[in-house]
Structure formats: C-alpha cells, structure tokens
Amino acid sequence: MRIDHPDPSLVVLIGPSGSGKSSFARRHFATTEVISSDFCRGLVADDENDQSATADAFAVLHFIAGRRLAQPRFTVVDATNVQRAARRGLIELARQHDLLPVAIVLDMPEAVCQERNRSRPDREFGSHVVRQQRSQLHKSLKGLQREGFRRVWVLRSPEEVDAAEVGRAPLWTDRRADHGPFDVIGDVHGCHAELVDLLRALGYEVDADGDVNGGGPTVTPPAGRRAVFVGDYGDRGPDTPGVLRLVMSMADAGTAVCVPGNHDVKLVRRLKGRDVQVTHGLAETLDQLGRESDEFRDRARDFLDRLVSHVVLDDGRLVVAHAGLKEAYQGRSSARVRDFALFGETTGETDELGLPVRVEWAADYRGAAAVVYGHTPVAVPEWRNNTINIDTGCVFGGRLTALRWPERELVSVPAGRTYYEPSRPFLPANDGAAAADADRPAYLLDVDDVAGKRIVQTRLARTVTVREENAAAALEVMSRFAIDPRWLVHLPPTMAPPATSGRPDLLEHPDEVFAEYRAAGVQDVICEEKHMGSR
C-alpha cells in the first residue's frame, strides 16, 4: 500500500495497544514530528503508564500539536484513538488551523496485539483491554471519513505494515516551486474576444480558430511565461463556451494555472443537477452552453470542479485567489479557506441594493506575499498593503486587466461594449475617464496625480502616504520639472549614503566617505556640486 500524506497535515494513528503504532511512527516519521500520549504522560507524571494522568497528558498533546499546526508543520499523533471522543478533539484541532486530518489505522489481529503486550513489562493490564479497544475500533471504521478525516488508510496485518510505503505531497494549493514569470488575468466573465486581445497584448500567440484534437485553440506563450486566471470565467458575457474552451486548452497544455470564482462554483452545482438560483448572468451561460455538446459541458463541469481554492506561487511570494486571501489562510486547505477565497469576507449585512457588505480585509493585510485577486470590479487597480484587485469590470464596459509578475506591470484592453449593467456603478460618472487614464501618454501631467491625499505603493511593496497638506510641495516639484514622475528612475540623495562622520562636530567628511566606498568595492564615484545660496 502506498500512503501519501498532504504536507502539512495532521496524521492520527489509530489502533489498540500492541498494534505497532509507535514502531510504525519511528520508521516513517521524524522523531520531532511525532507526539506520543505515553511521552506526554511522562512529562506530566514522570510515568508513561500512569493512567491517572491521561487528561493532563492529552491537554499537553493537544497544546503541542496546536502550536505545530499553527506554523504549520507536519504533525503525527501516536495514541490509541479508538474512541470517537478522542478523535473528535484532534479533528477539531486540524480544522481550527485549516489543515487536513488524515488517519492511519493499524487493525492488527488480537493475537498479535496480545503477544506484543505480554513481551513488554510496562503493559500490565489484562487481555480484556485489547479486546475492548479492538471492539471500539471496529465500531468506528466505517464512519471515520464521516467524522471528518479526509483520507483513511487501514493496515490489517504485520505483513501489510512492513510493506507499506509512506510519502508526502504538497497541499494542492502549494505551488511554490512554480516560478513563472506569470501573467495574472482578472475576471473574464465570458468576454472571449477581449481575452484573446489581452493575451496577444501580453505577447501570447493565439490561434483562436484552431483546435488541437478537439481540446481547444492553440495558445503559445512568450518564452517561460504562464497565465494565471483568478476565476469567474463565465456569466454575463457573450461567449462563456469560448472562454472555457480557451482556458481549458491552456491549462491542459501547462501554459495556464487556474483558480475558481464564485460564479464558476455556482455553474458547477447547476451542471451537477443541483438547485441554484439562475441569477447574475447564469441564465446567459446556461443558454450558451445549451448549444454545446454534452461532452463539452461535462468536460467544462469536471474542469471547474477540480480547481482548488487558491495557489501559492514563486517560493511563497505570490498568492492568487478569486476574492483575495488573508495571510492566516494562505497555503492551507479547509471549507473556511475556500469560502474566503471564493466570496471574501462579509459582515452578514446587505446594502441598499441587496448586495453583501464586504469586510475590507486588504486594509489590515501585512503579509509578505503579494495577493492578486478580483471578484469586485474597480475602475483602476491600485496596490494596497501588497494586495491588488485586477477585476476592472470588462463585462460591465470597463477593461480586462492582467498583472505581469514579477514585473508588477499592468496591461489591459478595453471592453468591446457594455455586455451587462452592474448593480452598483464602479466607473466614474464621466463615462470611464478613469479607465481611459490608463492610456494617458507618459509625458502628459495631470494635477489629480498630486492633489489631495495620495497613497503610493512602491516597487518594494512599501506603502507611502502623502497627506493633503503636503500636496503644495508636490505641485512645486512638478512645476520645476516638466516630466512625468513615472519617468524618474533615480532621485539624487541630498547627502552621501555612507554613515555619518566619526569626527566631532562633522556630519560628513570626504576621507571617510571615500574610504567606505573603497571598502565596499566601489571603483567609481560621481560627485555633484551642491549649491545652497551664498554658501
């Protein structure tokens, strides 16, 4: 038997005394990964067999396991765990930390367990204990997955235990080994023509009319690049089948990474025959798919159904989720994580239009990973605390936008027309001027660039706030330098970068400055004369 564990996860060993759980754990897991109930009894009572210390021992076990899962780290619990009450606490612990609980059951013959216990001097209980534990185990076996274990493996003989192979695989959301570069594409919503235009603007070669063995059109990316889609492939737009055919072709070819959107999940439920409300553009999608073959609908349903909640890419530096994802949920797997990734966080209230009131999670985000998402249309994408929403409402007459990673460059194409009226207007009243501003020539300055309070996200993802009262200084700078600030690749420092002088009463001294440059291996230094009035 091949036993593959998600890494990280909580592995619960289950079996009566003498079934070989501890030996199995020593053989397949690192010592630091295994938390034994016997060891915890020893910690609290100086005797691993003191049954009166069981409650305290399991309190310690749960505490240690919880701290490991919070990091998160792969954790194995070595205890009998034959009672449902004992397993319930461990399953809840895994859920609290949004990781998967998995079970390995050692259901050894009673004679084997009894013989092993007789050979151990620390096992002084009667044979009835093993019989009772095996009875409790057998009552539970069929219901372990219903209890909440994501995977269950059962070994029923010493030979099966000896032959078992144990491995690990990253969680489905963990794609840190994928380094890109990437082109992250916002909500498409059936806008097939705009998707083709955007891919071509990004340098992809798209044979929109071609078909590879019925799998969809051929898309050739620029060397080394891949597309990443934030979800919501259909609904509201004119050609959901065309979008799905294109995206599925790219995913099959390995040139695209895809996560689902809330509209995609709803479509899957409908295609599975579930009862869902046919609203928010789903009627248009169902009508379009109705003109496709059963084979295509089944393929689209299975493709969307397999998509995982979010992906962590580029050594953990990039996270893509449809509605965003706060730091505590990144790289984890649970229903709570999936719901956040698909729908975001809401207060439970609705506004005057009947839409959910959303929690501004990005305002409090302080994670190291950049989070790219969509879900709620915005007129112009802006970095906020190392997060950016790139849904620019193409289906609502806005634009279809992509973020080039790691360059952090935005590329967008305009919508052909307004395909669907939004419930809440998101474009400015002057009929899309903000979206058109993205096409403003670099040499054309605009007072709105500096007027009022401004929040600037630097290339290093550090947020700089320019207060409204400081706007006059920015205007003064713009009046002196007739160049778009975006063209400025370097601003000379007002003082030399080296440390302040060690000499008394001096801020800097040339001897020390040049000595520091030489020590750093700098061979050439450009010096600029600084004019300060009469001085």
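Report on the accompanying structure. Note that the structure is a prediction, hence the values are computed from the model and not measured. (Residues numbered from 1 in each chain as written. Predicted model: local features only at pLDDT ≥ 70, side-chain atom pairs only at ≥ 80, totals over all residues. Heavy atoms only, no water.)

1. A few points about the sheet that holds strand 21 (residues 409-414)
Part 1 of the argument: On the basis of which strands lie adjacent, the open sheet formed by five strands has the order 13-12-9-20-21 and mixed pairing. Each edge of the sheet is formed by a strand with only one pairing partner; in this case those strands are strand 13 (256-258) and strand 21. Pairs of neighbouring strands in the sheet enclose a mean axial angle of 20 degrees, with direction left out of account.
Part 2 of the argument: Relative to strand 13, strand 12 (residues 226-229) is paired through three bridges, and the arrangement is parallel. The residue of strand 13 that forms the bridge with Phe-229 is Cys-258. (Pairing = 2+ DSSP bridges. Helix = DSSP H or I, 4+ residues; strand = E, 2+ residues; numbered from the N terminus. Axes fitted to C-alpha atoms, helices over the stretch in contact; angles between N-to-C directions.)

2. Considering the side chain of Thr-255
Part 1 of the argument: With respect to the secondary-structure elements, Thr-255 resides in the loop between helix 10 (240-253) and strand 13.
Part 2 of the argument: For Thr-255, a relative accessible area of 10% corresponds to the buried category.
Part 3 of the argument: Not counting residues up to four positions away in its chain, the partners in contact with Thr-255 are Val-219, Pro-221, Arg-226, Ala-227 and Met-250. (Buried < 20%, exposed > 50% of the residue type's maximum accessible area, 1.4 Å probe, protein only. Contact = heavy atoms within 4.5 Å.)

3. Overview of the packing of aromatic side chains
Part 1 of the argument: A complete count under the given rule lists eight aromatic pairs for this structure.
Part 2 of the argument: On the basis of an interplanar angle of 75 degrees and a centroid distance of 6.3 Å, the ring pair of Phe-340 and Trp-361 is categorised as edge-to-face. Of this pair, Phe-340 sits in helix 14 (residues 335-343) while Trp-361 sits in the loop between strand 17 (356-358) and strand 18 (370-373), placing them 21 residues apart in sequence. The same class applies to Phe-340 and to Trp-361, which are both buried.
Part 3 of the argument: With a centroid separation of 6.0 Å and an interplanar angle of 85 degrees, the aromatic rings of Trp-361 and Tyr-365 are classed as edge-to-face. Side by side, Trp-361 and Tyr-365 carry an identical accessibility label, which is buried.
Part 4 of the argument: Grouped by ring-pair contacts, the aromatic residues Tyr-329, Phe-340, Trp-361, Tyr-365 and Tyr-373 constitute a single cluster.
Part 5 of the argument: Across the ring face of Trp-383, the terminal group of Arg-408 is positioned such that the distance to the ring centre comes to 4.4 Å. (Phe/Tyr/Trp six-rings, centres within 6.5 Å; stacked < 30°, edge-to-face > 60°. Lys NZ or Arg CZ within 6 Å of the ring centre and 35° of its normal.)

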